[in-house]
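# Summary of structural features
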Amino acid sequence: MLVKSRPTVSGRLLGVGRRSLSNFRDTTQIVRRRFAARPARYPNIAWPVWLVVWVLLTAAAFVRLDTPAGMVHGQWSGAGVAEFLTQFALGGWYLIPSALLLVGANLTDWRSLSRRSLMLVYNWTCLAFLVLSAVGLSGLLVNVLKYAIGRARPLYFQDFGVLALHPFAFDARFAGFPSGHATTMGAVFGVLLLLFPRRWYIALVITACLASTRVFVGAHYPSDTVAGFGLGCTFALACGLVFARLGFIFRPTPSGLPVRKASFRLIAPENKSLPD
């Protein structure tokens, strides 16, 4: 009687590695085919208007709010609450879960999944990639900008004033503009705006409040947060347009923002009679 030998640990790891490489190659091929088959036709969006509004809001915050914010630094009531809430504007809260989801999807045997499970894993993977792209790419750019500009933080308002620039000083004291936390919140708002356009005001209130905590903790001026929020939102919307072109999560439209597909669900439908 033949007894099947159990695979060794090294054999299992080798199998997982092969599956991971195969999944990565399949995903890369899908993206390449879709880029090649779908022309770069993006909807008409009034980007210049968005840019003008963004610049004007940043300028208004600089002229009217930055100096008062610097003068009352350390005197805000409720600063302890702001210290707690500001932690939720850290990029890690959004980048780490997204990266872990992508790693898990990469190690999953997609061919063994039922149709229902396959769609769920596919949708979660697309969402994780969208969040990682929007938050991660905007985060990279904002870190380059803040050290290239070198604006002093309001913590040092008495020493350097409201507009002290030290480009490429590579000193945390001179890394105020734009705000990284606010950029993260802007990217999160952009993703939520694309996914839930009818509830945009709820997403705006929550993300804007979290971004504003950077002012109350003395880490940034109001104009830093406005600039960062707009930067993150722009990146998220741009990522959404690319995803719509590829057919991930969204479908393209002739004008305006892409529309979420009806097939995009993160929870399995309750109807158990649906075929797998």
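Residues numbered from 1 in each chain as written. Predicted model: local features only at pLDDT ≥ 70, side-chain atom pairs only at ≥ 80, totals over all residues. Heavy atoms only, no water.

Identification of the chain as Phosphatase PAP2 family protein from Mesorhizobium jarvisii is taken from an unreviewed UniProt entry.

### What about the overall build of the chain?
Each helix and strand in the chain was counted, giving nine helices and two strands. Ordering the α and β elements of the chain from the N terminus gives α-α-α-α-α-α-α-α-α-β-β. The principal-axis extents of the C-alpha atoms in the chain amount to approximately 85 × 50 × 35 Å. The 276 residues of the chain split such that 36% are buried. Taking the contacts inside the chain whose residues are at least 6 apart along the sequence as the reference set, 76% of them involve residues at least 24 apart. Accessible surface, the chain: about 16,300 Å² in total, of which carbon and sulfur atoms supply 68%. (Helix = DSSP H or I, 4+ residues; strand = E, 2+ residues; numbered from the N terminus. Buried < 20%, exposed > 50% of the residue type's maximum accessible area, 1.4 Å probe, protein only. Contact = heavy atoms within 4.5 Å. Areas by Shrake-Rupley, 256 points an atom, 1.4 Å probe, with all protein chains shown as cover.)

### Digging into the packing of aromatic side chains
Considering all chains together, one arrives at 11 aromatic pairs under this definition. Look at phenylalanine 84 and phenylalanine 88: their rings are 5.3 Å apart centre to centre, the planes differ by 80°, and that puts the pair in the edge-to-face class. Through a chain of ring-to-ring contacts, the aromatic side chains of Tyr122, Phe129, Phe243 and Phe248 assemble into a single cluster. (Phe/Tyr/Trp six-rings, centres within 6.5 Å; stacked < 30°, edge-to-face > 60°.)

### Considerations on a nonpolar patch on the surface
A surface patch of nonpolar side chains, amounting to about 470 Å² of accessible area, comprises Trp47, Val49, Trp50, Val53 and Leu57. In this structure, leucine 57 sits in helix H2 (residues 47–71). (Patch = residues over 30% accessible without salt bridge, like charges linked within 9 Å, V, L, I, M, F, W, Y side chains within 5 Å. Salt bridge = Lys/Arg side-chain N within 4 Å of Asp/Glu carboxyl O.)

### Brief notes about the packing of helix H4 (residues 92–106) against helix H5 (residues 115–149)
Relative to each other, H4 and H5 sit at 140°, their axes nearing to 8 Å. Classed by the angle they form, the pair H4 and H5 counts as oblique. Note that H4 runs across H5; the crossing there is left-handed. On the side of H4, the interface is formed by Tyr94, Leu95, Ser98, Ala99, Leu101, Leu102 and Ala105, while H5 contributes Trp124, Thr125, Ala128, Phe129, Val131, Leu132, Val135 and Gly136. Its residues assigned to classes, the contact of H4 with H5 comprises 12 nonpolar, three polar and no charged. (Axes fitted to C-alpha atoms, helices over the stretch in contact; angles between N-to-C directions. Parallel < 35°, antiparallel > 145°, perpendicular 65-115°, else oblique. Left-handed = near helix turned anticlockwise from the far one by under 90°. Nonpolar A, V, L, I, M, F, W, Y, C, P; charged D, E, K, R; others polar.)

### Focus: the nonpolar core
Among soluble globular proteins, nonpolar side chains are generally buried collectively. With 31 residues, the main nonpolar core has Leu130, Met185, Val191, Leu195, Ile249 and Phe250 as its most contacted residues. Those elements that place two or more of their residues in this core are H5, helix H7 (180–195), helix H8 (200–216) and helix H9 (222–246). No other element matches H7, which puts nine residues into this core. (Core = buried A, V, L, I, M, F, W, Y, C linked by side-chain atoms within 4.5 Å.)

### Focus on the confidence of the model for the chain
If pLDDT is low for a region, its predicted coordinates should not be looked at in detail. Averaged over all residues, the pLDDT of the chain equals 89, while 94% of them reach at least 70. Mean pLDDT values for the elements of the chain range from 81 in helix H1 (residues 9–37) up to 97 in H7. (pLDDT = per-residue confidence, 0-100.)

### With respect to the state of the cysteines
What the rule picks out here adds up to zero disulfides. We note that cysteine 239 lacks a disulfide partner, and the nearest cysteine sulfur, in cysteine 233, lies 11 Å from it. Assessed through its relative accessible area of 10%, cysteine 239 is described here as buried. (Disulfide = S-S within 2.5 Å.)

### Things to note about the side chain of threonine 213
Structurally, threonine 213 can be placed in helix H8. Threonine 213 has contacts with Ala82, Leu85 and Thr86, leaving out every residue within four places of it along the chain.

### Some remarks on the pattern of salt bridges
Oppositely charged side chains can form a pair if their charged atoms are brought close together. Under the criterion given, the structure shown has four salt bridges. For aspartate 224, the salt bridge is made with arginine 151, and the minimal N-O distance between the two is 2.8 Å. You can see aspartate 224 sitting in helix H9 and its partner arginine 151 sitting in the loop between H5 and helix H6 (157–160), a full 73 residues away along the chain. With relative accessibility at 0%, the residue aspartate 224 sits in the buried group. In this structure arginine 151 comes out as buried when scored by relative accessible area, which is 3%. Aspartate 171 is paired through a salt bridge with arginine 173; the nearest N and O atoms lie 3.0 Å apart.

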